[in-house]
Amino acid sequence: MTAAALDRAPSIGRAFTAQLQRDLTIAFRSRSELINPLMFYVMGISMFPLGVGPGAERLSEIAPGVLWVLALLSTLLSLDALFRRDFDDGTLEQLVLNVDPLFVGVLAKVLAHWLVIGLPLTLLSPLAALMLFLPGAAVPTLVLTLLLGTPILSLLGAVGAALTVGLKRGGLLLTLIILPLYVPVLILGAGAVTAVIDGVDPSAQLAWLAVILALMLTLTPFAAALALRVGLE
Amino acid sequence: MLFKDLDLEIRPGDLIELTGPNGSGKTTLLRCLAGLTGDFDGEVRRGGRFSYVGHRGGLNLQLTPLQNLRWSAAIEGSDASDGSLSSLLEKVGLAGYELTPCQQLSAGQQRRAALARLCFGNAPLWLLDEPLTALDDAGCGLVRELLERHRAAGGAALCATHQPLGLERTMQHALGRAA
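Asker: Explain the overall build of chain B here, please?
Answerer: A tally of regular secondary structure across chain B gives five helices and five strands. From first element to last, N terminus to C terminus, chain B shows the α and β order β-α-β-α-α-α-β-α-β-β. Taking 179 residues into account, the globule formula puts the C-alpha radius of gyration at 16 Å, and chain B, at 16 Å, falls close to it. Out of the 179 residues in chain B, the part that is buried amounts to 42%. Taking as baseline every contact in chain B between residues at least 6 positions apart, the subset at least 24 positions apart corresponds to 75%.

Asker: Honestly, the environment of Pro65(B) in this entry has me stumped. Any pointers?
Answerer: All names here are of chain B. Among the secondary structure elements, Pro 65 is positioned in helix α2 (residues 65–75). Look at Pro 65 and you get buried, because 27 C-beta atoms sit within 10 Å. Ignoring anything within four residues of it in the chain, the contact list for Pro 65 reads Leu 89, Leu 94, Tyr 97, Glu 98, Cys 102 and Ala 113.

Asker: In this structure, what is going on with the interface of chain A and chain B? I would like to understand it.
Answerer: Where the parts come together, the accessible area they lose is often given as the size of the interface. At the interface, 21 residues of chain A touch 23 residues of chain B. Contributing elements (two or more residues each) for the side of chain A that touches chain B: α1 (3–29) and α5 (91–98) of chain A. Residue contributions to the side of chain A that touches chain B peak at nine residues, all from α1(A). For the side of chain A that touches chain B, a count of residues per class yields seven nonpolar, eight polar and six charged.

Asker: Can you help me understand the sheet that holds strand β2 (residues 50–53) of chain B in this one?
Answerer: Whether parallel or antiparallel, the strands of a sheet pair through hydrogen bonds between backbone atoms. Residues and elements named next belong to chain B. The sheet built from five strands is open, its strands ordered β2-β3-β4-β1-β5 with parallel pairing. Each edge of the open sheet carries a strand with a single partner, namely β2 and β5 (171–174). Neighbour-to-neighbour, the strand axes of the sheet open up by a mean angle of 15 degrees, direction not taken into account. Taken together, the four bridges between β2 and strand β3 (residues 125–129) define a ladder with parallel strand orientation. The residue of β3 that forms the bridge with Tyr 52 is Leu 127.

Asker: When you look at the pairing of β3(B) in this model, what are you seeing that I'm missing?
Answerer: Moving residue by residue along a regular strand, the side chains alternate between the two faces of the sheet. Residues and elements named next belong to chain B. Across the five residues of β3, five count as buried, placing the element largely inside the fold. Judged by which residues are buried, β3 turns out to be covered on both faces: Leu 125, Leu 127 and Asp 129 on one side and Trp 126 and Leu 128 on the other are all buried. Two elements, β3 and strand β4 (residues 156–160), share five bridges in a ladder whose sense is parallel. Within the sheet, the bridge partner assigned to Trp 126 lies in β4 and is Ala 157.

Asker: Where do I start with α2(B) in this structure?
Answerer: The periodicity of an α-helix, 3.6 residues per turn, causes residues three or four positions apart to be oriented the same way. All names here are of chain B. Counting buried residues in α2 gives ten out of eleven residues, a clear majority hidden from the surface. Considered for burial, the residues of α2 that qualify are Pro 65, Leu 66, Gln 67, Asn 68, Leu 69, Trp 71, Ser 72, Ala 73, Ala 74 and Ile 75. Where α2 terminates, the next one or two residues include Gly 77, which has phi positive at roughly 80 degrees.

What counts as what
Residues numbered from 1 in each chain as written. Chains lettered and ligands numbered in written order. Predicted model: local features only at pLDDT ≥ 70, side-chain atom pairs only at ≥ 80, totals over all residues. Helix = DSSP H or I, 4+ residues; strand = E, 2+ residues; numbered from the N terminus. Rg over C-alpha atoms; globule rule 2.2 N^0.38 Å. Buried ≥ 20, exposed ≤ 12 C-beta atoms within 10 Å, placed from the backbone. Contact = placed C-beta atoms within 7 Å. Nonpolar A, V, L, I, M, F, W, Y, C, P; charged D, E, K, R; others polar. Pairing = 2+ DSSP bridges. Axes fitted to C-alpha atoms, helices over the stretch in contact; angles between N-to-C directions.

Here's what the structure looks like:
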């Protein structure tokens, strides 16, 4: 870090905290946006016993995949609003113009998004697992994979949301861009939970999830910041 | 192409009215100067910090003016206290509205809340896009007063505007076919 950057460190920290605080305040002001993805998660999962049949054996077999796919879709549902509202009201311009380096602001927004969507999904997952007869022994692993995986979903999603921010109806395009990128996370997350059910050690999948999280944490804020600058033009 | 052979220098104390018909590129020029768009040939040299108030005011409507201002202060690197932010809001005529969500304010009041951002006072250059939009007479007077004070303090401003600002010693820069 250069001397100039060190001088600015307190103000960078203040910008991060202010952005986080602001986004959380807004999220709690618009509670429907907060609750809708969670409702979608629970309702989506409750469709499976109705559609597949209430047999415990069949449901517990598909449970890891279903729980993960729904977590992924619920996150996707909430991503479009990540930058769009700020784009519409002009606060995104202010963020881009004033926060230097911009990735700090992006990171604060992503953290707020995870706290509002990913974390509640993770905490809700044991309840959802109950609906699908996931064996009790696999529940801690499910929670752990979601704890590692949902931040990845938010971080990767931020890049897609930033790329599509200038488009009027970017929602579907965002889904098409992001969904393929979610595949490795889905495979590892659901795979770890299945491994526990099969009596296999899931630490390899968990370690890979942690690696991806570390990579995404260091790479995507820069990519999203760059995409935002392009998206604003 | 919107404009070519454009050469503009803004010095301390300058107050420039950017005029021109709709679509002549006033907003685009401001965005180029602010660095919000790089889609032009040429060079922009900036001497220091600047404040930009676009036609989208940069206010979250679910937050109160005070919360919006607190956020703006923090990202602009100012450590203004809540007390001084409240007095800024009082200065722009929003006393008593500090805790009302912006969506319950009128368009003019929202504009005032957006303009309050200019008063942190650490940006020597103001780039304003239609600062008088939606403002009543008193609001326009307020903008003039802010600009006058900014100029007296050695600041400069570039305002894209349709209504004449009605200030003395301003420079005009016309864009588009009217030029």
